[in-house]
Amino acid sequence: VTVFSMMLLHVATSKFYTIPVSSFTWQVSNIYNCCVHFCVPVFFMISGVFMLDPERPLTMKKLFTKNILRIVTAYIFWSLVYTLYIYLPAGQTSAREMFFYFVKGHYHLWFLFTIVSLYIITPCLRKITEDIRMQGYFILLFAFFCLLLNALKANRFLDALITPVTDSLHIDFVIGYTGYYMLGNFLYRSEISKPVRLILYAAGIACALFTIISTSILSLNSGSFNAFWNNYLLPNIAVISAAIFVFFQYEVVRIKWSERQLSGIYLLAKLSFGMYLVHDLFNDLLSALHLTILTYNPIFSIPGNTILVFALSFVVSYAISKIPLLNKYII
């Protein structure tokens, strides 16, 4: 679901900067975009469930030679693929320019840098997760110093007041995606009562509506896409992400899947990393074939194109999974 949502987000926002914000297509794209903005935080939350579990053995050797090495080799391979794909057809491109693009990576590969940074500090964070109360304290600090203070910056006066203070505090340890990494593990290990869950689901829906409406209003007022409330490190996105995570943890888990369905789910889970890495090649391919969200009604073209990208990414990831060594190091 998170992989599909990430693809949907990229398809929905593919024309955000080239069509008027007042157009029907832009407004539909905005709705889709805001509804799936949970995808990146939930990626980190799922990683936190496993990597920060104090009951799961994790040695330094395994962390660096398996977990981190796999991310690094995948990055090198796919960054090279995207660099060659973009620059070779253009011709007359300097080697220096290509090298810098290769190091920086295609836009969606930023996630790999972030997950590696989280893996590097995982042994330290696991010491915190040994005490769930200490973990809760960490998440409270994240909620205040990251989510809440970022939200207050929507007001120019408060932004001018808060930013110098937070810059001086240098409390970087509890801000950024580390908070989601911790939150996923915390929610998974906690018992959440049904009334609290229902409140969280309602809050998630309310935050999704708030994100859609506020983004639309701000963008219409400015005449171009205003992404302020789309920031992953804001309370509205955090609440949506937590609601989705808990919904799957408590409600979806009750579904009685058949053995065949479970096999399909396991296969998709196994191939999801490779699908994430390759998918933007197919976004570009559909664009080259003039099959964009503008081709037909965006209500249908956005999910339709996403299904195509998802299916093609699955086929390529599946094919690579059958190749020895490549299946271990690039997907």
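Scroll up to find the structure this text is about.
Residues numbered from 1 in each chain as written. Predicted model: local features only at pLDDT ≥ 70, side-chain atom pairs only at ≥ 80, totals over all residues. Heavy atoms only, no water.

1. Here's the deal with the overall build of the chain
Of the regular secondary structure elements, the chain holds 14 helices and zero strands. When the helices and strands of the chain are listed from N to C terminus, the series reads α-α-α-α-α-α-α-α-α-α-α-α-α-α. In terms of C-alpha radius of gyration, the chain reaches 21 Å, essentially the compact-globule figure of 20 Å for 331 residues. Seen through its C-alpha atoms, the chain measures out along the principal axes to roughly 55 × 50 × 50 Å. Expressed as a percentage of the 331 residues in the chain, the buried residues total 46%. Within the chain, contacts between residues separated by at least 24 positions form 81% of all contacts whose residues are at least 6 apart in sequence. Roughly 17600 Å² of accessible area belongs to the chain as shown, and the carbon and sulfur atoms make up 70% of that amount. Computing the positive centroid from 22 side-chain charges and the negative centroid from 13, the chain places the two 7 Å apart. (Helix = DSSP H or I, 4+ residues; strand = E, 2+ residues; numbered from the N terminus. Rg over C-alpha atoms; globule rule 2.2 N^0.38 Å. Buried < 20%, exposed > 50% of the residue type's maximum accessible area, 1.4 Å probe, protein only. Contact = heavy atoms within 4.5 Å. Areas by Shrake-Rupley, 256 points an atom, 1.4 Å probe, with all protein chains shown as cover. Lys, Arg positive; Asp, Glu negative; His and termini not counted. Charge placed at Lys NZ, Arg CZ, Asp CG, Glu CD.)

2. Points about the nonpolar core
Formed by 78 residues in total, the largest nonpolar core has its most connected members in Trp78, Leu112 and Tyr180. When residues of this core are assigned to their parent elements, the largest contribution, nine residues, is made by helix H12 (residues 259-288). Residue contacts for Trp78: discarding those within four places in its chain leaves Leu109, Leu277, Val278, Leu281, Ile320, Ile330 and Ile331. In this structure, Phe16, Ile19, Val21 and Phe225 belong to the second largest nonpolar core, which totals five residues. (Core = buried A, V, L, I, M, F, W, Y, C linked by side-chain atoms within 4.5 Å.)

3. Observations concerning the environment of Tyr177
Assignment of secondary structure puts Tyr177 in the loop between helix H8 (156-169) and helix H9 (178-189). By relative accessible area, Tyr177 is classed as buried at 17%. In this structure, the C-alpha to C-alpha distance between Tyr177 and Leu198, residues 21 residues apart in sequence, is 26 Å. Beyond its immediate stretch of four places on either side in the chain, Tyr177 contacts Val40, Phe44, Trp110, Thr114, Leu118, Tyr232 and Leu233.

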